[in-house]
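Residue-level listing of the chains:
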Amino acid sequence: MNDSTRPAATPATIRVFIALAPPDDAKDELARALAPAYAAYPGMRWNRIEDWHVTLAFLGELPAAVVPRLYAPLAELAAERGPLELSLRGGGQFDSRVLWSGIAGDVPGLHRLADDVRERVKEAGIAYEGRPLRPHLTLARARRGDLAGVPAAVGVLDGFEGRPWPTARLHLVGSDDARGPAPVRYRDIDSWPFTGTGAAGGAQAAAGGT
């Protein structure tokens, strides 16, 4: 067997996070609002639209053999919960380096879901000491030595109000470890539909689905 036909080696570790993903039409709506920023600041490291997500828990680099421990508890959690109603709104920045869009809608329910996700991670025997949730969707990162674009691009999203959308699935995501100018690439390891009427979804229903 030559090198071109040899199967790729399974990585020993993988960078993992748990997230929600806006539907395509909500992402397209935000992309249209961002068009002036894309044109004005092409040098920023723009995330691919298909990779946009709302992170609930970033687990970092995990041994690949450990990741399957998460499947059953996350599937169970998704089956207990109904969808949340969220939307994308406005924009902001972290330290002039990261451009993001904000999250509106059932934000209290989103925090409860994130808390429960993190608890399931710990119950699966995976240590987790993550930062408090700051709901956002990362859009771009500044390149080293060029921090002017991110603060300027924030203004493009002033007043942006995306349409409401229901969260469809809970995603377990893996990412590569991009270096240099290449953007990080993401792939679903697995995902599970929200099919229940439990705490997070029930809170939304009690509030009238706002």
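Counting of residues starts from 1 at the beginning of each chain's written sequence and follows it residue by residue. Whole-chain, interface and lining totals are the exception, using all residues; otherwise, since this is a predicted model, local features are given only for residues with pLDDT of at least 70 and side-chain atom pairs are given and counted only at 80 or more. Hydrogens and waters are ignored; side-chain quantities use all the structure's heavy atoms.

Q: Now, about the pattern of salt bridges: what can you tell me, with residues and values included?
A: Salt bridges are counted wherever a side-chain nitrogen of Lys or Arg sits within 4 Å of a carboxyl oxygen of Asp or Glu. Following the criterion strictly, the structure yields 7 salt bridges and no others. The salt bridge partner of Arg81 is Asp116, with a shortest N-O separation of 1.9 Å. With Arg81 in the loop between helix H2 (71-80) and strand E4 (85-94) and Asp116 in helix H3 (residues 107-123), the pair connects residues that are 35 residues apart, well separated along the chain. The buried label applies to any residue whose accessible area, calculated with a 1.4 Å probe on protein chains only, is under 20% of its type's maximum; exposed applies above 50%, and partly exposed to all values in between. For Arg81, a relative accessible area of 4% gives the class buried. Since its relative accessible area comes to 28%, Asp116 is described here as partly exposed. Working definition: helices are DSSP H or I runs of at least four residues, strands are E runs of at least two. Numbering for both runs from the N terminus.

Q: Kindly report on the sheet that holds E4, identifying the contributing residues and their values.
A: Pairs of strands are assigned from DSSP output, requiring at least two bridges between the strands. In space, the 5 strands of this open sheet follow the order E2-E6-E5-E4-E7, with antiparallel pairing throughout. For this open sheet the edge positions go to strand E2 (45-46) and strand E7 (165-166), each flanked by a neighbour on one side alone. Where strand E5 (residues 98-105) and strand E6 (residues 136-141) come together, 5 bridges link them in antiparallel fashion. Bridge pairing links Gly102 to His136 in E6. When checking whether two residues touch, look at their non-hydrogen atoms; a contact exists if any pair is within 4.5 Å. Between N-to-C directions, angles span 0 to 180 degrees; the directions come from axes that are lines fitted to C-alpha atoms, helices contributing only their stretch in contact. In the packing of H3 onto the sheet, contacts are made with E4 and E5, and the angle to E5 comes to roughly 110°.

Q: Which residues make up H3, and what are the values?
A: By definition here, a helix of n residues has an expected span of 1.5 Å times n minus one. Taking 1.5 Å per residue as the helical rise, H3 with its 17 residues ought to reach 24 Å, and the 24 Å between its terminal C-alpha atoms agrees with that figure. Of the residues making up H3, those classed as buried are Gly109, Leu110, Leu113, Ala114, Val117, Arg118, Arg120 and Val121. In the analysis that follows, any N or O atom pair within 3.5 Å is treated as a polar contact, provided that within protein one partner can donate a hydrogen and the other can accept it, and provided that, for residues neighboring in sequence, both atoms belong to side chains. The N-cap residue of H3 is Asp106: its side-chain oxygen and the backbone nitrogen of Gly109 are 3.0 Å apart.

Q: Explain the environment of Gly60 to me, using residue names and the numbers behind them.
A: Along the chain, Gly60 falls in strand E3 (residues 54-63). For Gly60, a relative accessible area of 12% gives the class buried. Spatially, the C-alpha atoms of Gly60 and Ile14 are 7.9 Å apart, while their sequence positions differ by 46 residues. Those residues in contact with Gly60 that sit more than four places away from it in its chain are Ile14, Arg15 and Val16.

Q: Which residues make up the side chain of Thr167, and what values do they have?
A: Positionally, Thr167 belongs in the loop between E7 and strand E8 (169-175). Separated by 2.8 Å, the side chain of Thr167 and the backbone nitrogen of Leu84 make a polar contact. Among residues more than four places away in sequence, those in contact with Thr167 are Leu20, Pro83, Leu84, Leu86 and Phe194.

Q: Hey, could you go over the sheet that holds strand E9 (residues 186-193) for me, with residue numbers and the actual values?
A: An order of E3-E1-E8-E9 is seen for the 4 strands of this open sheet, with the pairing classed as antiparallel. Two strands lie at the open edges of the sheet, namely E3 and E9, each paired on one side alone. Across the sheet, the mean angle from the axis of one strand to that of its neighbour is 20°, orientation sign disregarded. With 7 bridges connecting them, E8 and E9 associate as antiparallel partners. By the bridge assignment for E9, Leu170 is matched with Trp192. On the sheet, H2 packs against strand E1 (13-20), E8 and E9 and is oriented at approximately 50° with respect to E9. Packed on one face of the sheet, H3 meets E1, E3 and E8 and runs near 15° to E3.

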